[in-house]
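Chain by chain, the residues run as shown.
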Amino acid sequence: MAALAYSHLLPVRLLRIPDGSSSSSRNPHKFSPTIVCRSMTSTTSFGFQSLRETFNIDVKQAEGRPLDVPLISPFTIASSELVKVENVAIRVELSNGSVGWGEAPILPSVTAEDQPLAFDKAEEACDFLKKAHPKTLDYLLSDINQLLPGHAFASVRAGVEMALIDAVANSVRVPLWRLFGGASNSLTTDITIPIVSPAEAATLATEYSKQGFKTLKLKVGKNVNADIEVLRAIKIAHPDFSFILDANEGYTADEAIEVLEKLNEMGVAPILFEQPVHRDDWEGLGNVSKVAKEKYGVSVAADESCRSILDVKSIIYRNLADVINIKIAKFGVIGALEIIEAAKNAGLALMIGGMVETRLAMGFSGHLAAGLGCFK
């Protein structure tokens, strides 16, 4: 099993997903973990839903493995700095010989699990799978949901779900993007620049421009003035780039609005402003969303504020954001599909996001996004 470092340093502008790929053999390039979704097909596509209800699973082997991968360089965001990935890989082998891979991404500021806990829970789930009698995928996913409930074990649940779904897809020889709806087998992505100096940011922007990227996702939220200087440096070097801002909860509502005002003075309007305030500052999120949309025409995305279907319903009811960031590690695969459907029905836009995944989890997310047709 090969694993690649965090995606912001291993980019590909257009990810083409081959028909024969599974989550353990997808395109070896990495894409930036932001895919803005504007429309999609039904999440209960015939292929996946029918397999959930009819495909009987008999697990022969299942195991968790520590997945430790150094990053090419430190990745700094408002809430933390990462120098390595410490995740858990999950391998499932069915009695028919088909193998599926999943990954439990660990980011303490977002996931409830650390690596030791995630590994222990993955082993518990794998023991359960090996002892389980053959049953449909739907029943088995329900069992896993009961064994690994809620946000507390969402990342591990996601990894186990990925592995099971991947194994089923391999059993019927259908690539995941087709299983999830078959809308497309390619994605066009942005690329992430972490919190760095203005000079480093401009250098990275030049590198990514040569690689064909048109949109940069900039990590901000530690210091308003420093963030503005980074944006100014990139704009001077590459005035044609589009920008997504991701504050990772770093600003107060007043600071977030100040950033938008200063960018407006520079002639810059981000295409998206992600999680500008602390996850529990619902009032601040709503205020920033209102000002951003009405005064500057900028959409605001909820990420850390959205950890469950109840959060999504609250965001919808209170009109707190324009976009929901779907991260499989926050919800699990089945939970993510439920949230996608709720947001879609409410008229919200969607994005697929990532954290500190290798190609296992980000590849699965890529297949999900491509299959649903959510990037336009």
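Basis of the calculations
- Residues numbered from 1 in each chain as written.
- Predicted model: local features only at pLDDT ≥ 70, side-chain atom pairs only at ≥ 80, totals over all residues.
- Heavy atoms only, no water.
- Helix = DSSP H or I, 4+ residues; strand = E, 2+ residues; numbered from the N terminus.
- Buried < 20%, exposed > 50% of the residue type's maximum accessible area, 1.4 Å probe, protein only.
- Pairing = 2+ DSSP bridges.
- Axes fitted to C-alpha atoms, helices over the stretch in contact; angles between N-to-C directions.
- Contact = heavy atoms within 4.5 Å.
- Salt bridge = Lys/Arg side-chain N within 4 Å of Asp/Glu carboxyl O.
- 1 Å grid on protein atoms, 1.4 Å probe; cavity = no way out; pocket = protein on both sides within 12 Å on 5 of 7 lines; lining within 4 Å.
- Points joined across faces, edges and corners; volume = space filled by probe spheres on them.
- Nonpolar A, V, L, I, M, F, W, Y, C, P; charged D, E, K, R; others polar.
- pLDDT = per-residue confidence, 0-100.
- Phe/Tyr/Trp six-rings, centres within 6.5 Å; stacked < 30°, edge-to-face > 60°.
- Lys NZ or Arg CZ within 6 Å of the ring centre and 35° of its normal.
- Parallel < 35°, antiparallel > 145°, perpendicular 65-115°, else oblique.
- Polar contact = N/O pair within 3.5 Å; in protein donor to acceptor, adjacent residues only side chain to side chain.

Moving on to unusual backbone geometry. One non-glycine residue, Glu-249, adopts positive backbone phi at about 75°. Looking at the secondary structure, you find Glu-249 in the loop between strand S11 (242-246) and helix H8 (253-265). Look at Gln-275: it is not a glycine, yet its phi comes out positive at around 35°. Looking at the secondary structure, you find Gln-275 in the loop between strand S12 (272-274) and helix H9 (282-296). Taking relative accessible area as the criterion, Gln-275 reaches 0% and is therefore assigned buried.

This part is about the sheet that holds strand S5 (residues 81-94). Hydrogen bonds between backbone atoms are what pair the strands of a sheet, whose relative direction is either parallel or antiparallel. Pairing in this open sheet of 3 strands is antiparallel, and the strands run S4-S5-S6 from one edge to the other. Sheet topology places strand S4 (59-76) and strand S6 (99-104) at the edges, where each strand pairs with a single neighbour. The average undirected angle you get between the axes of adjacent strands in this sheet is 25°. Sheet topology note: the S5/S6 ladder contains 6 bridges and is antiparallel. Paired with Glu-93 across the bridge in S6 is Val-99. Each of S4, S5 and S6 touches helix H4 (residues 154-171); the most contacted strand, S6, lies at about 160° to it.

Scanning the entire structure with this criterion turns up 18 salt bridges. In this structure, Asp-303 engages Lys-330 in a salt bridge whose closest nitrogen and oxygen atoms are separated by 2.8 Å. Highlighted residues: Asp-303 in the loop between strand S13 (300-302) and helix H10 (309-318) and Lys-330 in helix H11 (residues 328-331), separated in sequence by 27 residues. Asp-303 sits in the buried class, given a relative accessible area of 0%.

What follows is about the layout of surface pockets. Its boundaries defined by the atoms lining it, the largest pocket holds a volume of some 390 Å³. Lining the largest pocket we find 25 residues, and of these Asn-145, Phe-331, Ile-334, Gly-335 and Glu-338 sit closest to its centre. Listing elements by their share of the lining of the largest pocket, those giving two or more residues are helix H1 (46-54), helix H3 (137-147), H4, H10, H11 and helix H12 (333-345). For the lining of the largest pocket, the element with the highest residue contribution is H12, accounting for 5 residues. Classifying every residue of the lining of the largest pocket by side-chain character gives 9 nonpolar, 9 polar and 7 charged.

Relative to S5, S4 is paired through 13 bridges, and the arrangement is antiparallel. Directly across from Glu-63, in S5, lies its bridge partner Arg-91. The antiparallel pairing of S4 with S5 creates a hairpin that spans 4 residues between the two strands.

Turning to the confidence of the model for the protein, a few remarks are in order. Of all residues in the protein, 87% have pLDDT values of 70 or greater, and the mean over the chain is 87. Here residues 1-18 scores under 50 on pLDDT; set against residues more than four positions off or in separate chains, the count is 78 contacts. Low confidence marks residues 20-46, where pLDDT is under 50. Its contacts with residues over four positions away, or in another chain, come to 109 contacts.

Applying the stated criterion across every chain, the model contains 4 aromatic pairs. Between the aromatic rings of Phe-180 and Phe-364, the centroid separation amounts to 5.7 Å while the plane-to-plane angle is 70°, which identifies the pairing as edge-to-face. Here Phe-180, found in the loop between helix H5 (176-179) and strand S8 (186-188), pairs with Phe-364, found in helix H13 (residues 359-372); they are 184 residues apart in sequence, far enough to count as distant. Judged by centre distance (6.0 Å) and plane angle (70°), the ring pair of Tyr-208 and Phe-213 falls under edge-to-face. No difference in accessibility class separates Tyr-208 from Phe-213, as the two residues are buried. Aromatic rings pair up to connect Phe-48, Phe-180 and Phe-364 into one cluster. Cation over ring: Lys-121 sits above Phe-153, and NZ or CZ is 4.6 Å from the ring centre.

Running from N to C, H10 and H12 cross one another at 10°; their axes reach a closest spacing of 10 Å. Taken together, the axes of H10 and H12 lie roughly parallel to each other. The segment H10 lies against H12, with Ile-309, Val-312 and Ile-316 engaging Glu-338, Ile-339, Ala-342 and Ala-343. When the residues that make up the contact of H10 with H12 are grouped by side-chain class, the tally is 6 nonpolar, no polar and 1 charged.

Our focus in this paragraph is the environment of Asn-56. Tracing the chain through its elements places Asn-56 in strand S3 (residues 56-57). Measuring from C-alpha to C-alpha, the distance between Asn-56 and His-133 comes to 9.8 Å, with 77 residues separating the pair along the chain. Once you skip the residues sitting within four places of it in the chain, Asn-56 turns out to touch Lys-135 and Thr-136. A polar contact of 3.4 Å, which involves the side chain of Asn-56, links it to the backbone nitrogen of Thr-136.

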